[in-house]
Amino acid sequence: MRDISDAADLMTTAREALLRDLLPALSGERRYAALMIANGMAIAAREHRLGTDAARNEGARLRNLLDELPPSQGERNDAPTDLSALRKAVRAAIRAGRFDACDAAVAAALSHSAADWVAISNPKALRT
Amino acid sequence: MTNVETTGETVEDAATTALTGWLARTTNARDVRVVRYERLPGGAIQDNFLLDVHVDGGPWHGEHAFVLRTDAPTGVAASLSRAQEFAVLRVAHAAGVVAPQPLFLCRDNDVLGREFFIMQRLPGIAQGHRLTRETALVPDGDALAYELGANLARIHAIRPPWSDAVQRAHQAQGAPDADNHGEPVAIAPPPAHPALAAIAEYRRWLDRLDDAYPALEWGLRWCERHAPKTFDITLIHRDYRTGNYLVHDGRLAGVLDWEFAGWGDPLEDIGWLTARCWRFSGVEREAGGIAPVEPFLRGYEAVSGRRISREALDYWQVMAHLRWAIIALQQAQRHIAGGERSLELALTGRIVHELEYEVLQLISRSGS
């Protein structure tokens, strides 16, 4: 428990105020705009709470996938460490067909990460 | 062009003055008066205006309810020009496709500053979230799905070459008025292999972005490995989905938004209409959130004779989610990098995660 509000709590509280105090006074396009704003705030709050873990776990999963690959000719398997570079390395390996033989492992890793990000962007879309 | 207020009987400003002059010449009228001219909501890529006119004299004498369609200031890549869209709509309308009748094309930028065309305004409601929720609007979902299938099959009965399709449209409707239609307009030639061409195009798009998207890449690779060996090539709409057709009295009243049409594999349209991402409030109803897939496929088969396999549906639903993900990323770019700050565009970008998730779900369901 913190003593004062963090970013996620501020966002959540501001969103509640928007929905409770302003939304009832709005109609038509303004109501639609307010609902979009509330949605953006909800995503931001969830990302503040869950985003660091989602990124770290995605990075770890991608690194594992790259580590399992047999080295391609003439190069060592030096997996990068930052997420953006890892995603690019995985993209290159996928396009080259180097993951074709390990379908299940790749699908599982990518599905876990996709679910983590959906839990932030739109948890209602998750299926169990 | 600014949004024009409706004031009294006649709307007059620079845009409508230029427009009435052009319309009077085009319709051989003594005079044309604009009674109502308002921007219609919902055009992220195209600007649509409601246009009510009174035509005085000539073959068009009387009151008319039109829609004027022109380019939004910025659009999405790979869409047709208005002249091309007009030509495609003529071909489709002449082939019996339920769609607004295209009436006049203006390629002269001096009139409104942009190319535009005018089409018949049809009654009905298009909003996907309403059609998939309010049973009063769609009392018989199966019947609507059947009509959607039959109508899509009529689009898919149009085959290359383009010159033949245009010729048939002219025979059905009479030769176009040269003043209205000018030089014949062509569309891009058919791809050698539609699925592989789409995959290559989506990869090119992804390569323009700063980040990489492993889940989309995995979906593209899966589609490449499972690419259909045989395929048909017909005219396809490429945005045939709930939200892009009008429903009036529970019936299909017209298919809108032809800007992505072109030659392709007809199964692409079927995957797009049935994909989970276009079912709005009816996620369990595979035919566009309206009905189960069976009545839609029955309508399609009744007109086309084509029977669609579950395998083909799954494949093209994966492709549909990939395509929507690419478009969502393009929309996000307009906000992030294109100088078009917009919460709606920003939130569209966030849909990518759901689409990645859905691609992976579909692939695991279909097996490898």
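Remember, predicted model here, so these are calculated numbers, not experimental data.

## Details of the overall build of chain A
Moving on, step 1. Helix and strand counts for chain A come out as 4 helices and 0 strands.
Moving on, step 2. Traced from its N-terminal end to its C-terminal end, chain A shows the element sequence α-α-α-α.
Moving on, step 3. The C-alpha atoms of chain A give 20 Å as radius of gyration, which overshoots the globular expectation for 128 residues (14 Å, by more than 25%).
Moving on, step 4. Considering only C-alpha atoms, chain A reaches an extent of 65 × 35 × 25 Å along its principal axes.
Moving on, step 5. By the burial criterion, 23% of the 128 residues in chain A qualify as buried.
Moving on, step 6. Contacts in chain A between residues at least 24 apart in sequence constitute 62% of all its contacts with a sequence separation of at least 6.

## A word on the pairing of strand S8 (residues 251–255) of chain B
Moving on, step 1. Taking burial as the measure, the 5 residues of S8(B) include 4 buried ones, the bulk of the element.
Moving on, step 2. Remark: 2 residues form the turn of the hairpin made by strand S7 (residues 245–248) of chain B and S8(B), two consecutive strands paired antiparallel; Asp249(B) in that turn has positive phi of roughly 55°.

## What to know about the packing of helix H12 (residues 310–336) of chain B against helix H13 (residues 343–366) of chain B
Residues and elements named next belong to chain B.
Moving on, step 1. At a closest axis distance of 8 Å, the pairing of H12 and H13 adopts a crossing angle of 160°. On the basis of their axis angle, the class for H12 and H13 is roughly antiparallel. Note that H12 runs across H13; the crossing there is left-handed.
Moving on, step 2. Split by residue class, the contact of H12 with H13 holds 15 nonpolar, 7 polar and 4 charged.

## Details of unusual backbone geometry
Residue and element names in this part refer to chain B.
Moving on, step 1. With an omega dihedral of 5°, the bond running from Pro160 to Pro161 counts as a cis peptide bond.
Moving on, step 2. With respect to the secondary-structure elements, Pro161 resides in the loop between helix H5 (141–156) and helix H6 (162–173).
Moving on, step 3. A positive phi angle, close to 55°, is found at Asn28, a residue other than glycine.
Moving on, step 4. Position of Asn28 relative to the elements: it lies in the loop between helix H1 (14–26) and strand S1 (31–39).
Moving on, step 5. Backbone geometry places Asp249, a non-glycine residue, at a positive phi of 55°.
Moving on, step 6. Residue placement: Asp249 occurs in the loop between S7 and S8.
Moving on, step 7. Among the residues examined, Asp249 registers 9 C-beta atoms within 10 Å and is labelled exposed.

## Remarks on the domain arrangement of chain B
Moving on, step 1. Along its sequence, chain B is carved into domain 1 (14–120) and domain 2 (191–232 + 312–368).
Moving on, step 2. Taken over C-alpha atoms, the centre of domain 1 of chain B sits 33 Å from the centre of domain 2 of chain B.

## Details of the environment of Leu83(A)
Residues and elements named next belong to chain A.
Moving on, step 1. With respect to the helices, strands and loops of the structure, Leu83 is situated in helix H3 (residues 83–95).
Moving on, step 2. A count of 18 C-beta atoms within 10 Å places Leu83 in the partly exposed class.
Moving on, step 3. Separated by 25 residues in sequence, Leu83 and Glu58 place their C-alpha atoms 7.7 Å apart.
Moving on, step 4. Not counting the four nearest positions on each side in its chain, Leu83 is found in contact with Ala55, Glu58 and Gly59.

## Focus: the sheet that holds strand S2 (residues 46–56) of chain B
Residues and elements named next belong to chain B.
Moving on, step 1. Strand order in the open sheet formed by 5 strands is S1-S2-S3-S5-S4, with antiparallel pairing between adjacent strands. A strand with exactly one partner marks an edge of an open sheet, and here the two such strands are S1 and strand S4 (102–106). Pairs of neighbouring strands in the sheet enclose a mean axial angle of 25°, with direction left out of account.
Moving on, step 2. As defined by bridge partners, S4 adjoins strand S5 (residues 116–120) across 4 bridges and the pair is classed as antiparallel. Each bridged residue has a counterpart across the sheet, and for Leu105 the counterpart in S5 is Phe117.
Moving on, step 3. Across the sheet, H1 touches S1, S2 and S4, and the angle it forms with S1 is around 130°.

## Considering the interface of chain B and chain A
Moving on, step 1. With 21 residues of chain B in contact, the opposing surface of chain A contributes 26 residues.
Moving on, step 2. Ranked by the residues each element gives to the side of chain B that touches chain A, the list is headed by H13(B), at 12 residues.
Moving on, step 3. Considering only residue class, the side of chain B that touches chain A consists of 10 nonpolar, 3 polar and 8 charged.

## What about the environment of Thr27(B)?
Moving on, step 1. Within the fold, Thr27(B) resides in the loop between H1 and S1.
Moving on, step 2. Every residue in contact with Thr27(B), bar those within four places of it in the chain, is listed here: Val32(B), Val55(B), Gly58(B), Pro59(B) and Trp60(B).

## Quick look at the packing of helix H10 (residues 266–274) of chain B against H12(B)
Residue and element names in this part refer to chain B.
Moving on, step 1. Put simply, H10 and H12 touch, their axes get as near as 8 Å, and they point 75° apart. By the criterion of interaxial angle, the relationship of H10 to H12 is roughly perpendicular. Residues Leu267, Glu268, Ile270, Gly271, Trp272 and Thr274 of H10 form the contact with H12, whose own contacting residues are Ala312, Leu313, Trp316, Gln317, Met319 and Ala320.
Moving on, step 2. Its residues assigned to classes, the contact of H10 with H12 comprises 8 nonpolar, 3 polar and 1 charged.

Calculation criteria
- Residues numbered from 1 in each chain as written.
- Chains lettered and ligands numbered in written order.
- Predicted model: local features only at pLDDT ≥ 70, side-chain atom pairs only at ≥ 80, totals over all residues.
- Helix = DSSP H or I, 4+ residues; strand = E, 2+ residues; numbered from the N terminus.
- Rg over C-alpha atoms; globule rule 2.2 N^0.38 Å.
- Buried ≥ 20, exposed ≤ 12 C-beta atoms within 10 Å, placed from the backbone.
- Contact = placed C-beta atoms within 7 Å.
- Pairing = 2+ DSSP bridges.
- Axes fitted to C-alpha atoms, helices over the stretch in contact; angles between N-to-C directions.
- Parallel < 35°, antiparallel > 145°, perpendicular 65-115°, else oblique.
- Left-handed = near helix turned anticlockwise from the far one by under 90°.
- Nonpolar A, V, L, I, M, F, W, Y, C, P; charged D, E, K, R; others polar.
- Domains from an automatic or database assignment.

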